[in-house]
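The residues making up each chain are set out below.
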Amino acid sequence: MARYELVKRSVALITLTNPPVNALSSAVRHAMAKSMEQALNDPKVTAVVICGENGRFCGGADIREFAGPLRGPPLVPLLDAIEAGEKPVVAAIEGVALGGGFELALVCHYCIAHFKARLGLPEVTLGILPAAGGTQRLPRLIGIPAALELITTAKPLSSRRVSMLTTPCPPDLDALLEVVTMEVKKKARGVMAPLACIQAVRAAATMPYSKGIKRESELMATLFNSGQARALQYCFFAQRTAGKWTLPSGAQWNNSKPREIRSAAIIGLGTMGRGIVVSLARVGISVIAVESEKKLLETGKQMVIGMLERDAKRRGVSASLNLLKFTLSLQDLKDVDLVIEAVFEDMALKKRVFQELSKVCRPATLLCTNTSGLDVDALAGVTDRPHLVVGMHFFSPAHVMKLLEVVCGPRSSSETIATAMSLGKRMGKVSVAVGNCPGFVGNRMLKPYMDQATFLLEEGATPEQIDKALEDFGFAMGVFRMSDLAGLDVGWRIRKESGLTGPDVDPKNPPRRRHGRRYCPIPDMVCEQGRFGQKTGRGWYMYDKPGGTNAKPDPLIQNLLEMYRSRYAIQPRNISDQEIIERCLFALANEGFRILEDGIAARPEDIDVIYLFGYGFPRHRGGPMFYASMVGLERVLERLEHYHQAHPDVPHLEPSPLLKKLVACGSPSVQTWREHIKTMHSHL
Ligand SMILES: CCCCCCCCCCCCC[C@H](O)CC(=O)SCCNC(=O)CCNC(=O)[C@H](O)C(C)(C)COP(=O)(O)OP(=O)(O)OC[C@H]1O[C@@H](n2cnc3c(N)ncnc32)[C@H](O)[C@@H]1OP(=O)(O)O
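Residues numbered from 1 in each chain as written. Predicted model: local features only at pLDDT ≥ 70, side-chain atom pairs only at ≥ 80, totals over all residues. Heavy atoms only, no water.

## Things to note about the sheet that holds strand β6 (residues 110-113)
- Read from one edge to the other, the open sheet built from five strands follows the order β1-β2-β3-β4-β6, with strand pairing classed as mixed. Taken across any chain shown, the strands that pair with only one partner, and hence form the sheet edges, are β1 (2-7) and β6. Direction aside, neighbouring strands of the sheet carry axes that sit 20° apart on average.
- Of the strand pairs in this sheet, strand β2 (residues 11-16) and strand β3 (residues 47-52) are connected by six bridges, and their pairing is parallel. Residue pairing across strands places Val 11 opposite Ala 47, the latter belonging to β3. (Pairing = 2+ DSSP bridges. Helix = DSSP H or I, 4+ residues; strand = E, 2+ residues; numbered from the N terminus. Axes fitted to C-alpha atoms, helices over the stretch in contact; angles between N-to-C directions.)

See the structure below:
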């Protein structure tokens, strides 16, 4: 946990040895305290050096310990003792010095950092604050503005008995703190930890160290057991768990070797295709981009080049344009390692592309589809290599969004899945393996969520009221603003293809039940008016111009809703924000439970990660499944039963069997749901 050595007969070298990141677990703290005592008591020792094993100084407190009762020697007195010691202590920093690791460096009298070392205080991302003196020493060392910034970002510095310094304090401290508070509230709506950090730094500026450290500890106590801290710490581990896929065959992330991908091809240079080309090229993969017409190819090429150049400028590197090739011929793909099809969302068209690829590409080429919900196995079935077919579902814009759903068909081989997952990682994506069903995980869950939003419109709510409730909950965008951004025509086309709407529907009197269940025709009526969202300057909101982003409530939508309600004799009622949140989010989580039952997602963490990274679910709420567990499964069940009784023609509101089962088992913690899911037929 900590190795003690005497070097050159006079220097005590204390090495933290707690792989993989030398976190300050109780055992490490214990060993450090012992080693420090030995060093201070040994007259031969004139100086102490603290470092970390395996090129990593220290990743901070052991986050796993936060979930249980706090044990072992507390960190603050240990660090205070190091700082107060008579012998000089040097932090030798390689790799990371994060959180408590950085706070450890702050108490050392000298720091030597490798130029690649990463120092920072990421505590706010876990819903807490740097409570081992970080908020008190850092302002004393580097001043309030820089410390405030560092507490939410990261900056390199060195340290020397910092608690003895007075904090350099700007004359307009209150004004400065006010500005930072406003910024934090805007960026992280409803998130407590950054605001607590500001209060702690205020204490550093206005109080002596002994009082400031007390204030820091009080603020930490408020955050430590908060739901937000639990949610953010859950997200930290969920993100790391999500990449660990397993198949029923026993093949899994750590026993399946991915292939190395040097070259790839993208078919289709629409919005998705262009983003995928950029994502691949900027990590050094040669890309052949294919379009069906010369004009589309030229437009796509110019856009990709522009995107890559802007991206390279931002990152201060040169654009990797030499890796790109643009062509109209599929014949050019015969030697590539992997193809990603990103053509229009039309099964017949995609099948033709896959048949063609089977003929053209060498037998070992992996064939991937970027479909957002079509049957991956049906595509595999038209090829000569179904085991080499997998879904790679990117999110728009593909070069920005972090999420990648890797859709495993029943015939996808473990090597194929491993390769898609590893390629996702290489592109900097958070990749989650999911099973094959309509909409996979993310889009399958979106349907009940969006249905509830439109049913609420029928019943008396407005788009802006629903969006505000969701944004106050923490979503970056409410459902209607998000739909305007994505384009309303996409969903309209899907509804037409699935036979839910079309020329047979009476436009004056569209039925409110279709395929045996409640159906809200308002989205179709909005599209029939050519209102496709931001791109047409009109959608659920109005915008200054086509492509505008400033959404304003539109009186025409208000009229449409009023006319609609009077046509169907619906008496509008006042709908509370609570009902909006419950109906939208409990319907969302309910579908998540069904997805778990069906074996389409392996664990609740995977669903939550998909919603955090693909759909803007607020991180401090943990994701839809974690949120349901925080509300209490019993309460979620009771509310779903209540709403289903009121709306029996909405099957998505009927509580799922898994939710009922978990409640019957005493609502176990989300991390243990897996043990209760006896999937008959895992799709993963
Ligand atoms: C009434 C109540 C009163 C309450 C008062 C309580 C007072 C308590 C006093 C506390 C004192 C506060 C001390 C301090 O201020 C708090 C902290 O230090 S919080 C921790 C801050 N550190 C971080 O957030 C760093 C998190 N880690 C990372 O960012 C990355 O892991 C990394 C270090 C940059 C390395 O990245 P990678 O190389 O990509 O590796 P992975 O991310 O995949 O991680 C590998 C492996 O390690 C696990 N892990 C990483 N960091 C930690 C950690 N700090 N604790 C525990 N485990 C960690 C990670 O989960 C991976 O595990 P695996 O998935 O492989 O099992």
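Next, the rest of the story.
## Observations concerning the nonpolar core
- With 104 residues, the main nonpolar core has Leu 333 and Ile 466 as its most contacted residues.
- Per-element accounting of this core gives the leading share, 11 residues, to helix α21 (residues 577-597).
- In this view, Ile 466 contacts Ala 453, Leu 456, Leu 457, Ala 461, Val 479, Phe 480 and Ile 580; residues no more than four positions away in its chain are not counted.
- Judged by nonpolar contacts, the second largest core, of 63 residues, contains Ile 82, Leu 148, Ile 198 and Val 201. (Core = buried A, V, L, I, M, F, W, Y, C linked by side-chain atoms within 4.5 Å. Buried < 20%, exposed > 50% of the residue type's maximum accessible area, 1.4 Å probe, protein only. Contact = heavy atoms within 4.5 Å.)

## Quick notes on the packing of aromatic side chains
- Summed over the entire model, instances satisfying the criterion amount to 14 aromatic pairs.
- Through a chain of ring-to-ring contacts, the aromatic side chains of Tyr 449, Phe 473, Phe 475, Phe 617 and Tyr 627 assemble into a single cluster.
- When the ring centre of Tyr 568 is taken as origin, the NZ or CZ atom of Arg 512, which lies over that ring, is 5.7 Å away.
- The ring centre of Phe 455 lies 4.1 Å from the NZ or CZ of Arg 518, which sits over that ring. (Phe/Tyr/Trp six-rings, centres within 6.5 Å; stacked < 30°, edge-to-face > 60°. Lys NZ or Arg CZ within 6 Å of the ring centre and 35° of its normal.)

## Regarding the site of the ligand
- Surveying the vicinity of the ligand reveals 31 residues, the closest of which are Arg 56, Gly 100, Glu 103, Glu 123 and Arg 240.
- One nitrogen or oxygen atom from the side chain of Arg 56 is found 2.3 Å from an oxygen atom belonging to the ligand.
- Within the side chain of Arg 64, a nitrogen or oxygen atom sits 3.4 Å from an oxygen atom of the ligand.
- If the ligand stood free it would expose 1,300 Å²; the protein chains cover 73% of that surface.
- Where the shell around the ligand is concerned, the elements lending two or more residues are β5 (96-98), α3 (100-107), α8 (209-224) and α9 (227-242). (Near = heavy atom within 4 Å. Polar contact = N/O pair within 3.5 Å; in protein donor to acceptor, adjacent residues only side chain to side chain. Areas by Shrake-Rupley, 256 points an atom, 1.4 Å probe, with all protein chains shown as cover.)

## Structural notes on the environment of Val 479
- For Val 479, the position within the fold is in helix α17 (residues 479-486).
- With 66 residues separating them along the chain, Val 479 and Lys 545 place their C-alpha atoms 21 Å apart.

## Here we look at the packing of helix α4 (residues 134-142) against helix α7 (residues 193-206)
- Where α4 meets α7, the closest approach of the two axes is 8 Å, and the angle between their N-to-C directions is 55°. The angle between the axes of α4 and α7 places the two elements in the oblique class. Relative to α7, the crossing made by α4 is right-handed. Contacts between α4 and α7 involve Thr 135, Gln 136, Pro 139 and Arg 140 on the former and, on the latter, Ala 200, Val 201, Ala 203 and Ala 204. (Parallel < 35°, antiparallel > 145°, perpendicular 65-115°, else oblique. Left-handed = near helix turned anticlockwise from the far one by under 90°.)

## A look at the UniProt feature "domain: 3-hydroxyacyl-CoA dehydrogenase C-terminal" (unreviewed entry) in the chain
- Sequence positions flagged by UniProt for "domain: 3-hydroxyacyl-CoA dehydrogenase C-terminal" (unreviewed entry) are, in local numbering, residues 439-543 and 580-671.
- In the segment residues 439-543, helix accounts for 51% and strand for 4%; the C-alpha atoms at its two ends are 30 Å apart.
- Annotation note: span residues 580-671, helix share 64%, strand share 0%, distance between end C-alpha atoms 27 Å. (UniProt positions renumbered as here; feature names shortened; annotations may be inferred.)

## What to know about helix α20 (residues 555-567)
- Between its first and last C-alpha, α20 extends 18 Å over 13 residues, near the 18 Å set by a 1.5 Å rise per residue.
- Among all positions of α20, only Ile 557, Leu 560, Leu 561, Tyr 564 and Arg 565 are buried. Axial view of α20: buried residues confined to an arc of 125°, hence all on one face. Exposed and facing more than 90 degrees away from the buried side of α20 are Pro 555, Leu 556, Met 563 and Ser 566.
- In this structure, the buried side of α20 is in contact with α15 (442-459), α16 (463-473) and α19 (522-528). (Expected span 1.5 Å × (residues − 1). Arc of directions from axis to C-beta.)

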